[in-house]
Amino acid sequence: MTDGGRRPRVAVVIFPGSNCDRDALAAVEAVGGEAVPVWHQSRDLQRCGAVLLPGGYSYGNYLRAGAMAAHSPVMKAVRRHADQGGAVLGICNGFQILLEIGLLPGAMLMNRSLRFICRDVHVRVERTDLPLLRTLQPGQVLRLPIAHKEGNWFAEPAVVREVEQQGAVALRYCDPSGQVRADANPNGSLQNVAGLVSREGTVLGMMPHPERRISRLLGGEDGWALMRALVEAA
Amino acid sequence: MQVEVRVKLKEAVLDPQGEAIRRVLSSLGFEEVTQVRVGKLVLLEVEGDDCERVRARADEAARELLANPVIEDYEVRLP
């Protein structure tokens, strides 16, 4: 939290090929944080209390989305930070990286349609009792943009069961009224998963882009609360 | 020596890309093709002539980076 009026510091990690880093930096500042750009070669997080892994095409998504970025030097520091209970938000490619390093379960497959999908979707908030979701209301429906080709979340049946039992699904694709339906699922993701959260609620990965929805001028403010929760957790 | 690491999607994982290819093959007259699965072939040029050691290291590389065990199986082949 703030000490002596200073804003909470949030590290925005920049990989070669990140392309949502500037939006992420701006969004952190807009909700009251101090955004600190951290290059992927860095071995420390510059005294930041929270980490944001932004969207983009880290390393051109060679091999698999997020596979190379998962082994960047900075990720050792990110893992240490997460292991110590520090907050980490992974958006889109950042979510894919969190899956690749195993901080969240499962993996991303290519979208069922085989297409890159760039449009608004609705997601229902499934948990609000955890640090990175506490600014939201139970059952709240958010309208947020997605922009990805690999967002089709997959895990083996036993892992899916465990994820559901544990309440690890933070966000699900739904229709505008909040109904979780197959035809509201843009990419084929199992259980309509749009976002997953760790048991302690300090690691959150999500395919939609809250950092693009923090102002009416940019199409809406539905991403504001999620960004604010990250800053409050820093 | 050159080492092949063959990476393929696990049986339980749907492969929409393979299915799209199968449909096109079928429209081209290859109706006998009943399933297509798309994988990756990674060729490693490796120093050393101790086959066991080279295999073990390639295996390690596959587990650590080349394949994602959640969705993929892999196979290491030496010459």
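What counts, and at which threshold
- Residues numbered from 1 in each chain as written.
- Chains lettered and ligands numbered in written order.
- Predicted model: local features only at pLDDT ≥ 70, side-chain atom pairs only at ≥ 80, totals over all residues.
- Heavy atoms only, no water.
- Helix = DSSP H or I, 4+ residues; strand = E, 2+ residues; numbered from the N terminus.
- Rg over C-alpha atoms; globule rule 2.2 N^0.38 Å.
- Buried < 20%, exposed > 50% of the residue type's maximum accessible area, 1.4 Å probe, protein only.
- Contact = heavy atoms within 4.5 Å.
- Areas by Shrake-Rupley, 256 points an atom, 1.4 Å probe, with all protein chains shown as cover.
- Lys, Arg positive; Asp, Glu negative; His and termini not counted.
- Charge placed at Lys NZ, Arg CZ, Asp CG, Glu CD.
- Polar contact = N/O pair within 3.5 Å; in protein donor to acceptor, adjacent residues only side chain to side chain.
- Pairing = 2+ DSSP bridges.
- Axes fitted to C-alpha atoms, helices over the stretch in contact; angles between N-to-C directions.
- Buried area = accessible area lost by both parts, 1.4 Å probe.
- Salt bridge = Lys/Arg side-chain N within 4 Å of Asp/Glu carboxyl O.
- Arc of directions from axis to C-beta.
- Parallel < 35°, antiparallel > 145°, perpendicular 65-115°, else oblique.
- Nonpolar A, V, L, I, M, F, W, Y, C, P; charged D, E, K, R; others polar.

Caption draft 1: Seen up close, the overall build of chain A. Regarding its fold elements, chain A presents five helices and 11 strands. The globule rule puts the C-alpha radius of gyration for 234 residues at 17 Å, and the 16 Å found for chain A is close to it. Dimensions of chain A, computed from the C-alpha atoms along their principal axes, are close to 50 × 35 × 35 Å. The buried share of chain A, taken over its 234 residues, is 59%. In chain A, once contacts between residues fewer than 6 apart in sequence are set aside, the share between residues at least 24 apart is 75%. Counting only carbon and sulfur atoms, one obtains 48% of the accessible surface of chain A, whose full area is about 9700 Å². The centroid of the 26 positive side-chain charges in chain A is displaced by 2 Å from the centroid of its 22 negative side-chain charges.

Caption draft 2: Focus on the overall build of chain B. The number of helices and strands found in chain B is two helices and three strands. Reading the helices (α) and strands (β) of chain B from amino to carboxyl end gives β-α-β-α-β. In terms of C-alpha radius of gyration, chain B reaches 16 Å, well past the compact-globule figure of 12 Å for 79 residues. Principal-axis analysis of the C-alpha atoms gives chain B an extent of 45 × 25 × 15 Å.

Caption draft 3: View of the side chain of N185(A). All names here are of chain A. Among the structural elements, N185 can be located in the loop between β9 (169-174) and β10 (193-197). Taking the relative accessible area as the measure of exposure, N185 reaches 8% and is therefore buried. A distance of 3.1 Å separates polar atoms of two side chains, one belonging to N185 and the other to N192. Beyond its immediate stretch of four places on either side in the chain, N185 contacts R112, Y173 and N192.

Caption draft 4: Local environment of the pairing of strand β6 (residues 117-125) of chain A. All names here are of chain A. In terms of strand pairing, β6 meets strand β7 (residues 141-148) through eight bridges, oriented antiparallel. Bridge pairing in β7 places H122 opposite R143. As paired strands, β6 and β9 are joined by four bridges and run antiparallel to one another. Residue R124 lies in a different strand from β9, and its bridge partner there is R172.

Caption draft 5: Representation of the sheet that holds strand β2 (residues 40-45) of chain B. All names here are of chain B. Sheet architecture is open: three strands sit in the order β2-β1-β3, paired in antiparallel fashion. Of all strands in the sheet, those bounded by a partner on one side alone are β2 and β3 (72-77). On average, each strand axis in the sheet is tilted by 20° relative to the strand beside it, whichever way the strands run. Inspection of the sheet shows strand β1 (residues 2-9) paired to β3 by six bridges, in the antiparallel sense. Across the sheet, residue E4 finds its bridge partner in β3, namely R77.

Caption draft 6: Structural context of the interface of chain A and chain B. Between chain A and chain B, the contact holds 16 residues from the first and 17 residues from the second. Counting each side, the surface lost to burial between chain A and chain B is near 1300 Å², with a carbon and sulfur contribution of 68%. Three residues stand out in chain A for area buried against chain B, namely L63(A), R64(A) and F154(A), and they jointly supply 39% of the buried area on that side. On inspection of chain A and its partner chain B, the count reaches two salt bridges. Where E72(B) meets R64(A), a salt bridge forms, and the shortest distance between an N and an O atom there is 3.6 Å. Here chain A is connected to chain B by six residue pairs in polar contact (both at pLDDT 80 or more).

Caption draft 7: Focus on helix α1 (residues 21-30) of chain A. Residues and elements named next belong to chain A. Of the positions making up α1, those classed as buried are D21, A24, L25, A27 and V28. Angular distribution of buried residues about the axis of α1 spans 165°; they occupy a single face of the element. Residue G32 follows α1 closely and has a positive phi angle near 105°.

Caption draft 8: Region of interest: the packing of α1(A) against helix α5 (residues 224-232) of chain A. Residues and elements named next belong to chain A. Closest axis-to-axis distance for the α1/α5 pair is 9 Å, and the angle between their directions is 80°. Classed by the angle they form, the pair α1 and α5 counts as roughly perpendicular. Contacts between α1 and α5 involve A24, A27, V28 and A30 on the former and, on the latter, W224, M227 and V231. For the contact of α1 with α5, the class distribution of residues is seven nonpolar, no polar and no charged.

Caption draft 9: Molecular detail of the sheet that holds strand β11 (residues 203-206) of chain A. Residue and element names in this part refer to chain A. Strands sit in the order β2-β1-β3-β4-β11-β10-β9-β6-β7 across an open sheet of nine strands; the sheet is mixed. Bordering the open sheet on either side are β2 (34-39) and β7, each of which pairs with just one other strand. The mean angle between the axes of side-by-side strands here comes to 25°, regardless of whether they run parallel or antiparallel. Taken together, the four bridges between strand β3 (residues 50-53) and strand β4 (residues 87-91) define a ladder with parallel strand orientation. The residue of β4 that forms the bridge with A50 is A87. Contacts from α1 reach β1 (9-14), β2 and β3, with the element oriented near 155° to β2.

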